[in-house]
Amino acid sequence: IYEMRDKLLNKELAPRTIFNMETTLKGAFKDGEGVKFLVQDNPLRGLERMSKEELMGITGDLEDDEKADKKIEWFEPEEQKKLIETAKEYAEGKRSINYSVQRKKDLRPYLRIFLGLHTGMRSGEISALTWRKVDLENGSININRSVEYSKGDTIGKLKLPKSEKSTREIEITPRVIEELRKYKLWMQEKLLPLRADINKVPLIFSNDLGLAHRSQIRKIYDTIVRQAKLEHRSFHSLRHTHASNLIDAEIYPLAISRRLGHSSIAITMDIYSHFFDRKKKKMVSQLQEVENSIFYGT
């Protein structure tokens, strides 16, 4: 069992992801005890929970300090601008496949990246959105579903968010509303020949009007990052980037935690401690200016 954990870690899966997988499996085997097999035959009965150090990716090696700095990845402001511009060009067919075959217009890849950067929503939450959850008049998005792919990248399934706090309503800016309106018009044009009701179709949909295929999402996203000539970072990095932008804008931490759907503010402070520490340094500099102005007249 522990060898399996090590193999998954070697595949660069996040420790938290492996922890969630183990928790789900242990629960399933626990339900089968005394029904499908004897208690002593449960292969996961003796599996110990991952330690706090393991969950943080700390193995005891000297390289752990360097790994910790790379744990949270994000895009700097100039990189965000480049990523959005490239995604827009890709979606509008201005960029080719392998720089040889012209693409047809498809705004879905652009909208996914745009929403990731501007809302901090998880990839599965974006995939689960329907138009009924998007209020363009009042400028809000209701997040109460996610998509998981436990049965394969092409078999998405709706589920409840990962925690109670993940069910939330977030406010969106006029810019986000504008992009969503443009996307909705494009989507209606695509659905018109099919006579499909846009209010019953997932916001991000595959060619069969069903839920998006995870492998396809990743492949296109990776292509856009590569064409933008940026160092590769996962789609989840867009969520970290959004958090970084909020912290730089000096948004109250509790508001950030609620917007991201964390189960507690402690989780937010722990994950983004690096960003908050960066703001502390700025605060000290600003405090010095205040002191100089008030007490020393400089």
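Whatever comes next refers back to the structure up there.
Let us look at the structure shown here. (Residues numbered from 1 in each chain as written. Predicted model: local features only at pLDDT ≥ 70, side-chain atom pairs only at ≥ 80, totals over all residues. Heavy atoms only, no water.)

**Quick word on the pairing of strand E5 (residues 168–171)**
Stated precisely, the cut-off is as follows: To sort residues, take the accessible area from a 1.4 Å probe on protein chains only and compare it with the maximum for the residue type: under 20% means buried, over 50% means exposed, and anything in between is partly exposed. Runs of E in the DSSP output that reach at least two residues are strands. Runs of H or I that reach at least four are helices, and both are numbered from the N terminus. Paired strands, in this sense, are two strands between which DSSP finds at least two bridges.
Here E5 shows one buried face, formed by Arg168 and Ile170, and one open face, formed by Glu169 and Glu171. The pairing of strand E2 (residues 140–143) with E5 spans four bridges and is classified as antiparallel. Considered in E5, the bridge of isoleucine 141 is made with isoleucine 170.

**Details of the side chain of glutamate 148**
In plain terms, the rule: Counting rule for charge: Lys and Arg are taken as positive, Asp and Glu as negative, and neither His nor the chain ends is counted. The term salt bridge refers to a side-chain nitrogen of Lys or Arg lying within 4 Å of a carboxyl oxygen of Asp or Glu. Here, two residues are considered to be in contact whenever any of their heavy atoms come within 4.5 Å of each other.
Counting through the fold element by element, glutamate 148 comes out in strand E3 (residues 146–148). Within the buried set, glutamate 148 has no salt-bridge partner at all; the shortest N-O distance to an opposite charge, 4.9 Å, is to lysine 157. Those residues in contact with glutamate 148, other than ones at most four positions away along the chain, are Ile155, Gly156, Lys157 and Lys159.

**Considering empty space enclosed by the protein**
What counts here: For each structure, a 1 Å grid was placed over the protein atoms alone; sets of points admitting a 1.4 Å probe that cannot get out are labelled cavities, open sets with protein on both sides within 12 Å along at least five of seven lines are labelled pockets, and lining residues have an atom within 4 Å of a point. Grid points are joined across faces, edges and corners, and a volume is the space filled by probe spheres set on the points. Three categories are distinguished: nonpolar for Ala, Val, Leu, Ile, Met, Phe, Trp, Tyr, Cys and Pro, charged for Asp, Glu, Lys and Arg, and polar for the others, with Gly belonging to the last.
The final tally for this structure, using the stated rule, is one cavity of 30 Å³ or more. Taken as a whole, the largest cavity encloses approximately 40 Å³ of empty space. Considering the residues around the largest cavity, the lining is formed by Lys88, Leu107, Tyr110, Leu111, Glu179, Lys182 and Tyr183. Of all the elements in the fold, those that place two or more residues in the lining of the largest cavity are helix H6 (108–119) and helix H8 (174–191). Looking at side-chain class alone, the lining of the largest cavity contains four nonpolar, no polar and three charged residues.

**Details of the packing of aromatic side chains**
Applicable threshold: Two aromatic rings from Phe, Tyr or Trp, using only the six-membered ring of Trp, form a pair when their centres are within 6.5 Å; if the ring planes differ by under 30 degrees the pair is stacked, by over 60 it is edge-to-face, and anything between is tilted. Comment: the charge-over-ring label is applied if NZ (Lys) or CZ (Arg) is within 6 Å of the ring centre and within 35 degrees of the ring normal.
This structure, assessed with the given rule, holds six aromatic pairs. Ring geometry for tryptophan 131 and tyrosine 183: centres 6.2 Å apart, planes at 35°, overall tilted. Here tryptophan 131, found in the loop between helix H7 (123–128) and strand E1 (134–135), pairs with tyrosine 183, found in helix H8; they are 52 residues apart in sequence, far enough to count as distant. Across the pair, tyrosine 183 and tryptophan 131 agree in class, each one buried. Aromatic side chains tyrosine 272 and phenylalanine 275 sit 5.8 Å apart centroid to centroid with 20° between the ring planes, which places their arrangement in the stacked category. For the residue pair tyrosine 272 and phenylalanine 275, the accessibility class agrees, reading buried in each case. What links up through ring pairs into an aromatic cluster is the set Trp74, Tyr272 and Phe275. Its guanidinium or amino end placed over the ring of phenylalanine 235, arginine 112 lies 5.2 Å from that ring's centre, counting from NZ or CZ. Lying over the aromatic face of tryptophan 131, lysine 184 brings its terminal NZ or CZ to 5.0 Å of the ring centre.

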